[in-house]
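Each chain, written out:
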Amino acid sequence: MPRGTAPIGRVMAQVAMVMNLDKCIGCHTCSVTCKQTWTNRTGVEYAWFNNVETKPGVGYPRRYEDQEQWKGGWMLDRRGRLVLRSGGRIKRLLSLFSNPDLPTIEDYYEPVTYDYDTLVSAPAGPDLPVARPHSLLTGRPTAVTWGANWEDSLGGAPEHAGGDPNLSGEWAERVKFAFEQTFLFHLPRLCEHCLNPACVSACPSGAMYKRVEDGIVLVDQHRCRGWRMCVTACPYKKVYVNHATGKAEKCTFCFPRIEAGQPTVCSETCVGRLRYLGLVLYDADRVGEAAATPDERDLLDAQRDVFLDPHDPQVIAAARESGIPEDWLDAARRSPVYALISTYRVALPLHPEYRTLPMVWYVPPLSPVLDAVTSAGGDQDDPDHVFAAVTRLRIPLEYLAELFTAGDTDVVGGVLMKLTALRSYMRARTLGEDGDEAALRAVGLTAQEAQDLHRLLAVAKYADRYVVPAAHKEDAAALTALENRCPVETAGPPAEGGGTPGERAVLLGMPTVRRRGTPDAAAGGHR
Amino acid sequence: MVPNGSLGFRWGKAGQGHWNLDLGDTVPELSLLDSAEETVAVALPRFDEGGTEGGAVMVRGVPVRRVGGRLVTTVFDLLLAQYGVRRPGLPGDWPDSYEDASRPYTPAWQETVTSVPAEQAARIAREFARNAERTRGRSMIAMGAGTNHWFHSDTIYRAFLALTTMTGCQGVNGGGWAHYVGQEKVRPLTGFQHLAFAFDWQRPTRHMAGTSYWYLHTDQWRYEAFGPDELASPLGAGRFRGKAFADCLAQAVRLGWTPGHPGFNRNPLDLADEAAAQGRGVAEHIVDELTSGRLRFAAEDPDDPANFPRVLTVWRANLLGSSGKGNEYFLRHLLGTDAAVRSAETPEGERPEEVVWRPEAPEGKLDLLVSMDFRMTSTGLLSDVVLPAATWYEKDDLSSTDMHPFVHAFTPAIAPPWQARTDYDTFLALADRFSELAATHLGTRTDVLPVPLTHDTPDELAQPGGVVRDWRKGECEPVPGRTMPKLVVVERDYPAVADKLRAVGPLLETLGTTTKGVTVHPDREIEELRSRCGTVRDGAGTGRPSLATASDMCEAILALSGTSNGRLATEGFRELERQTGSTGLAALAAVREAERITFADTRTQPRAVMTSYEWSGSESGGRRYSPFVINVEHDKPWHTLTGRQHFFAAHDWISELGEQLPVYRPPLNALRHYGDEHLHEPGRAEVTVRYLTPHSKWSIHSEYQDNAYMLALSRGGPVIWMSTADAGKIGVRDNEWIEAYNRNGVVAARAVVSHRMPEGTVYMYHAKDRTVNVPTTEVSGRRGGGHNALTRLLVKPTHLAGGYAQFTYAFNYYGPTGNQRDEVTVIRRRDQRVEY
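Only a predicted model underlies this, so the values are computations on that prediction, with no experimental measurement involved.

Draft legend 1. How the structure looks around the overall build of chain B. A tally of helices and strands in chain B yields 27 helices and 21 strands. Against the compact-globule benchmark of 28 Å for 836 residues, chain B has a radius of gyration of 28 Å, which places it among compact chains. Principal axes of the C-alpha set define a box for chain B whose edges measure 80 × 75 × 60 Å. In the structure as shown, chain B presents an accessible area of about 32,600 Å², 54% of it carried by carbon and sulfur atoms. On chain B, the mean spot of the 90 positive side-chain charges and the mean spot of the 104 negative ones are 3 Å from each other.

What follows is the structure, encoded as structure tokens:
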């Protein structure tokens, strides 16, 4: 139902993220600073709350996007009701002790460290000393055969990348892993902090929750009993099990920083300046309805319709009614995330068909465009014609559509057209010309909007990229308390409570650590 | 007329105020095509065919006039002939069209070399030019190690420069030629140079070109498969006939073109003593000894034990695990340890004619190897002494780069752990002990340095025309500073070294500071430093500003540099105004004349540097640095013969290789020079491929490549990227162990198989040290090598050409490159059970 005809329900605010993939160079600074901050500990050596994948490729963990196998996310049952793909409550309870849909450590990778001490302590020998790999799980020498970023820059792609679940359908047969047809882009990923988080709904212990104040999805470590239902339910495989504690851990969206009005660590340290953080206001009462949208290609619009225009006086009134503070409403109006998603409509969600209504969105990658001039109908002989139409890019539109629009190439193509028109227009402006406003109109932009969007995407000043209002001190008690629960009604069973059998941590389907030295020393290396 | 800005205006008194690019009413003719009296055919070099690297000859005509009995044409006309731009009425063999693939320099011809489709190359060229036209010069070539490390990188560079110059892009913000090789732009250059090299106490110092040094002292010169004559164009004069590369180097040192250290096969302190005993000047004595043959340049006999380097201190570098090209030769000859060199020495008959060939190549020239580092690299593992060093977070230091306009401070977050010391404290400790011992063993002595003819000095006029005249062969007299190196006497007070290190020396007042030909006088700054850093109370530095701590040193560097001291920047520009007669230069700095960036300022936050005479860009008014902006906007000459950027380069050695113009030269034909390197073991599939060593995204050189996170995000150890086709030929799958070997050494690594690699080329990241996950190899039975185990140094003689205008030696600017891109290797799958 389009906005304007329905009354506004409970207004909530979420700190959300957009990433501009044209700028990602795959440097992994985000991954490393995240790891150093959050998972440089025993038990989560294999976990990267933030990782960067080379696409095409199977990703981390392997083929996580194949929900036929992993049963992540939501689906509609025969009566059109939203149910977890991992099954209803009964099925999940029955599989508490033998969940078949969990990735094993081989699907992630065996974390290793190196006996660096050899380099300073080795006795005289026939050869230079060398630090060799040892498993962080068994402590024994091991061979490195897979990793958190094994496919970087298409390494091993001829052998592995064909297994990318996004390479499906007839068009995929045209994708040849050949030198002259090479294409790749980098996809940074973290927890989506979904509006309709499957992990929260699947948790039998009520340990996973979505904060009312800012929408961040967290694990209550005191309540987690290690059932791992969240791991299965998350279609992005962004909940990890700490094999030392047996409990679930995940991206926290750096909530201590967010509460202080600071960007997440991955955003703060992003070399390419491709990340945006800002508020999105949404109607919490309409989330379930949106997630149950019958045609998965309508999910994008359905989710956008759940978002509320922070400039709309009715929305502002309803938000005040819901207790959202004034400075947050101001921040929502300045939100780069809302602008990219709803105003300019250039950002898209990752795999909307999972029906979790993810809240980390992406501006799809445009480059490389130059090679496609002729095939796209550009004028080969006109050296001024440097930007082509987008329908014959190196990166197949179908591939991007699989990732961002449930296969709808028109939508992803439309975004790329908009970005191309923007480039052409701004190039003309830079040359001191007026620019072709007709071309802008064709993609739904005015001259002023184009200049504003250019500032946001290309100039990308720090203060424009990150508009994060600090948490209110009067909410401090609530933020630290454990009463916070998922604020979102779902079609599934209540997330609360049921079936928590005792306090014992559960043994996992992974080897446990048999460490030689002190337990904490080797996380991430000895030095 | 001689146009303003030519070299003579820079160094002659009469030229004062005319060293500028103002041509007045003169309009130079670009081409003689419309005004020519006649045309002549010119023999031009081509390198895409021919029996040697020197290629063949093509004939294309130019329009000419006769001036003073000489045939004259323009460089532009020559350039168009070289590049095959056909114009009516000119004789010779020209391409029919862009589609003509049989004649050099057409788009279709380049496709046969590069595989880039002709139409695509032409379209990119048009777009580049059209964009430059519409943006008034904002087309840019950003290049990196991908082109820099080829043997003929200089011709590639010159092609870039020709392109960006012809399209009007040089000296334009957003245009021109941007390189990211060597980002070590020391913005506070003057302070750094004068204090780091002790120019405040004595001048000059023994600077050396690394490639020449290691080429001789690691004996790589003994393994050449061909000589410099192989590179000579058929149009050359045969100047390299019978010579070896080492002969070229020795001659270049002898003629004062390039540095060579040690200088002579006799202790320079003894040479000075001998001169004193004979009651004559040191220079006179040395010239006499050289001409009589009793004294030799060390470069002429590098394997004489008298000429060995004996003590090597590696400060925060990884010479033996990262940067040293020809690593196995370092191991064998410099260190005398196990090495995987598989090459045979140059056979008799092809050996140097001048440089002494000793039957047994020395192994283990060094007596002592000391390294200072905070990581245990291969260099540390091979050192006699490792001095643990503080990291960036444990010391005071300054940092700057050409990637941003700031100078900023390192400040200690923690004290150096365990026994580690800061670099500054380590050098002070060494100096203290050295001075203490020197009181007994050395005392005060007279030293003499052979110093090459130097850029940005009148030395540029020493050998006009770049004509080679060798005093050794009687072609001229041996005149220090003209036909041979300058011989500079320096008094050394060895026991005072530590005192001098701790104080700013007096030469800064008496001589001033000189950077790139501009001298300024930091008198006031010295006085300010006394109050900021304190005054030395005793010893050799009494009364001088103190440099007791690293922080004092940083303070002094900032105080003495134009980029961080507005008064000095303005004074330098005033001096440049005097030299050029241009006005408006001083104004570039005067807007910030009152500013001083102190070390405390940089500790508070990074500080944007000021526009200074030390560099060619302008940062005034918030602009970003772009090279040559001052030249273009203020008529300030480039530091060349004509004061302009050169399409045409004249020097005997450059002419010999046929490289007067920016020509295309292909990679060296390794297969022809080195032959089949396969081991040919029965049943073992092998493939010979080009071997490249690009930068890794997992490390900065060898730093961080051993970090567990970086390893977890890559493949956990050394890898070689190869194409699907090449992997198929040797039956190797992704992540399987392979071995790469050639005459230089052996590497064991895992294969990364990717369609991103073109067939026939592999790469191994620079610089995978051999300290992590490197097994022993099947080929050598020893630990596999790092990426430089498969490379070696090759010296291109034109990089040694000196003594003339822009072809004069400048520290860190001019000398032979460390190229390694033209290499090939054999690759095969190995037993998958590896041993460490």
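So that's the structure; there's more coming.
Draft legend 2. Just the overall build of chain A, in detail. The helix and strand tally for chain A stands at 20 helices and 15 strands. For chain A, the residues scored as buried account for 58% of the 527 residues in total. For chain A, the proportion of contacts with a sequence separation of at least 24, taken over those separated by at least 6, is 74%. As presented, chain A carries roughly 20,600 Å² of accessible surface, and 53% of it is formed by carbon and sulfur atoms.

Draft legend 3. Expanded view of the interface of chain B and chain A. Listed by partner, the interface residues are 53 residues for chain B and 59 residues for chain A. Between chain B and chain A the total buried area reaches about 4,800 Å² when both faces are included, carbon and sulfur atoms providing 54% of it. Taken together, the connections running from chain B to chain A amount to 4 salt bridges. The closest approach of N and O atoms between Glu433 of chain A and Arg134 of chain B, which form a salt bridge, is 2.5 Å. Applying the counting criterion to the chain B and chain A interface returns 24 residue pairs in polar contact (both at pLDDT 80 or more). Taken together, the elements giving at least two residues each to the side of chain B that touches chain A come down to helix 4 (118-135), helix 14 (378-381), helix 26 (708-712) and strand 19 (745-753) of chain B. The leading source of residues in the side of chain B that touches chain A is helix 4 of chain B, at 9 residues. A class-by-class count of the residues in the side of chain B that touches chain A yields 19 nonpolar, 15 polar and 19 charged.

Draft legend 4. The arrangement of the sheet that holds strand 10 (residues 406-410) of chain B in detail. Residues and elements named next belong to chain B. Spatially, 3 strands are ordered 9-10-15 in an open sheet, and the strand pairing comes out antiparallel. Every interior strand has two partners, whereas the edge strands, strand 9 (397-400) and strand 15 (607-608), have only one. Here strand 9 runs beside strand 10; their pairing, made up of 4 bridges, is antiparallel. Within the sheet, the bridge partner assigned to Asp397 lies in strand 10 and is Phe410.

Draft legend 5. Geometry of a nonpolar patch on the surface. Together, Val57, Val59 and Leu235 of chain B give the surface a local cluster of nonpolar side chains, amounting to about 200 Å² of exposed area. Classification of Val57 of chain B as partly exposed rests on a relative accessible area of 35%.

Draft legend 6. Geometry of the pattern of salt bridges. As enumerated under the stated definition, the model contains 94 salt bridges over all chains in all. Residues Arg174 of chain A and Glu398 of chain A are paired through a salt bridge, measuring 3.6 Å at the closest nitrogen-oxygen approach. Remark: Glu398 of chain A occurs in helix 15 (residues 397-404) and Arg174 of chain A occurs in the loop between helix 5 (157-160) and strand 7 (185-189); sequence separation between them is 224 residues. Through salt bridges with shared partners, one network takes in Arg254, Arg296, Glu300, Glu354, Asp470 and Arg472 of chain B.

Draft legend 7. Just the domain arrangement of chain A, in detail. Residue and element names in this part refer to chain A. According to the domain assignment, chain A contains domain 1 (19-259) and domain 2 (265-282 + 307-465). Between the C-alpha centres of domain 1 and domain 2 the distance comes to 27 Å. Counting residues at the interface gives 55 residues for domain 1, matched by 44 residues for domain 2. Buried surface at the junction of domain 1 and domain 2, summed over both partners, amounts to about 4,200 Å²; 63% is from carbon and sulfur atoms. It is Met19, Lys23 and Leu195 in domain 1 that bury the most area against domain 2; as a group they hold 17% of the surface buried on that side. In this assembly, domain 1 and domain 2 are joined by 3 salt bridges. At the level of secondary structure, the elements contributing two or more residues to the side of domain 1 that touches domain 2 comprise strand 1 (11-20), helix 1 (29-38), strand 3 (74-76) and strand 7. Ranked by residue count, the leading element in the side of domain 1 that touches domain 2 is helix 1, at 5 residues. Here the residues of the side of domain 1 that touches domain 2 are counted per class, giving 29 nonpolar, 13 polar and 13 charged.

Draft legend 8. Structural detail: the layout of surface pockets. Residue and element names in this part refer to chain B. As a volume, the second largest pocket reaches approximately 2,000 Å³. Lining the second largest pocket are 46 residues, with Pro3, Pro28, Val75, Thr642 and Arg644 positioned closest to its centre. Elements that contribute at least two residues to the lining of the second largest pocket include exactly strand 2 (56-67), strand 3 (70-72), helix 2 (75-82), helix 6 (153-166) and helix 23 (629-634). In terms of residue count, helix 2 provides more of the lining of the second largest pocket than any other element does, 4 residues in total. The class makeup of the residues in the lining of the second largest pocket is 29 nonpolar, 12 polar and 5 charged.

Draft legend 9. Highlighting unusual backbone geometry. A cis amide bond links Lys55 of chain A to the next residue, Pro56 of chain A, at an omega of 0°. Within the secondary structure layout, Pro56 of chain A lies in the loop between strand 2 (51-55) and helix 2 (67-70). Backbone torsion omega between Tyr60 of chain A and Pro61 of chain A reads -5°, so that peptide bond is classified as cis. Tracing the backbone through its elements, the reader meets Pro61 of chain A in the loop between strand 2 and helix 2. At Arg136 of chain B, a residue that is not glycine, the phi angle is positive and equals roughly 55°. With respect to the helices, strands and loops of the structure, Arg136 of chain B is situated in the loop between helix 4 and strand 4 (140-143). Look at Arg136 of chain B and you get exposed, because its relative accessible area is 72%. Phi at Asp456 of chain B is positive, roughly 60°, even though this residue is not glycine. Considering the arrangement of structural elements, one finds Asp456 of chain B in the loop between strand 11 (444-451) and strand 12 (486-493). Judged by its relative accessible area of 12%, Asp456 of chain B is buried.

Draft legend 10. How the structure looks around the sheet that holds strand 2 of chain B. All names here are of chain B. Strand order in the open sheet formed by 3 strands is 1-2-3, with antiparallel pairing between adjacent strands. A single partner strand is all that each edge strand has here, and the edge strands are strand 1 (38-46) and strand 3. Direction aside, neighbouring strands of the sheet carry axes that sit 55° apart on average. Here 9 bridges tie strand 1 to strand 2, and the two strands are oriented antiparallel to one another. When the bridges of strand 2 are listed, Thr39 appears paired with Pro63. Seen against the sheet, helix 2 touches strand 1 and strand 2 and runs at an angle of roughly 160° to strand 2.

Draft legend 11. The arrangement of the environment of Glu45 of chain A in detail. Residues and elements named next belong to chain A. Its location among the elements puts Glu45 in the loop between helix 1 and strand 2. Judged by its relative accessible area of 4%, Glu45 is buried. In the structure, Glu45 is positioned 310 residues away from Arg355 in sequence and 30 Å away in space, judged by C-alpha atoms.

Draft legend 12. Main features of the confidence of the model for chain B. For chain B, per-residue confidence averages 96 on the pLDDT scale, and residues scoring 70 or more make up 100% of the total. As a predicted assembly, this complex carries a pTM of 0.93 together with an ipTM value of 0.92.

Draft legend 13. View of the packing of aromatic side chains. Residues and elements named next belong to chain B. Tallied over the entire structure, the rule returns 41 aromatic pairs over all chains. Between Tyr157 and Trp177 the ring centres are 5.3 Å apart and the planes differ by 70°, which places this aromatic pair in the edge-to-face class. A residue pair is termed long-range when its members are at least 10 positions apart, and Tyr157 in helix 6 and Trp177 in strand 5 (residues 176-179) qualify at 20 residues. A single burial state applies to Tyr157 and to Trp177, both of which are buried.

Reading the values: rules and limits
Residues numbered from 1 in each chain as written. Chains lettered and ligands numbered in written order. Predicted model: local features only at pLDDT ≥ 70, side-chain atom pairs only at ≥ 80, totals over all residues. Heavy atoms only, no water. Helix = DSSP H or I, 4+ residues; strand = E, 2+ residues; numbered from the N terminus. Rg over C-alpha atoms; globule rule 2.2 N^0.38 Å. Areas by Shrake-Rupley, 256 points an atom, 1.4 Å probe, with all protein chains shown as cover. Lys, Arg positive; Asp, Glu negative; His and termini not counted. Charge placed at Lys NZ, Arg CZ, Asp CG, Glu CD. Buried < 20%, exposed > 50% of the residue type's maximum accessible area, 1.4 Å probe, protein only. Contact = heavy atoms within 4.5 Å. Buried area = accessible area lost by both parts, 1.4 Å probe. Salt bridge = Lys/Arg side-chain N within 4 Å of Asp/Glu carboxyl O. Polar contact = N/O pair within 3.5 Å; in protein donor to acceptor, adjacent residues only side chain to side chain. Nonpolar A, V, L, I, M, F, W, Y, C, P; charged D, E, K, R; others polar. Pairing = 2+ DSSP bridges. Patch = residues over 30% accessible without salt bridge, like charges linked within 9 Å, V, L, I, M, F, W, Y side chains within 5 Å. Domains from an automatic or database assignment. 1 Å grid on protein atoms, 1.4 Å probe; cavity = no way out; pocket = protein on both sides within 12 Å on 5 of 7 lines; lining within 4 Å. Points joined across faces, edges and corners; volume = space filled by probe spheres on them. Axes fitted to C-alpha atoms, helices over the stretch in contact; angles between N-to-C directions. pLDDT = per-residue confidence, 0-100. Phe/Tyr/Trp six-rings, centres within 6.5 Å; stacked < 30°, edge-to-face > 60°.

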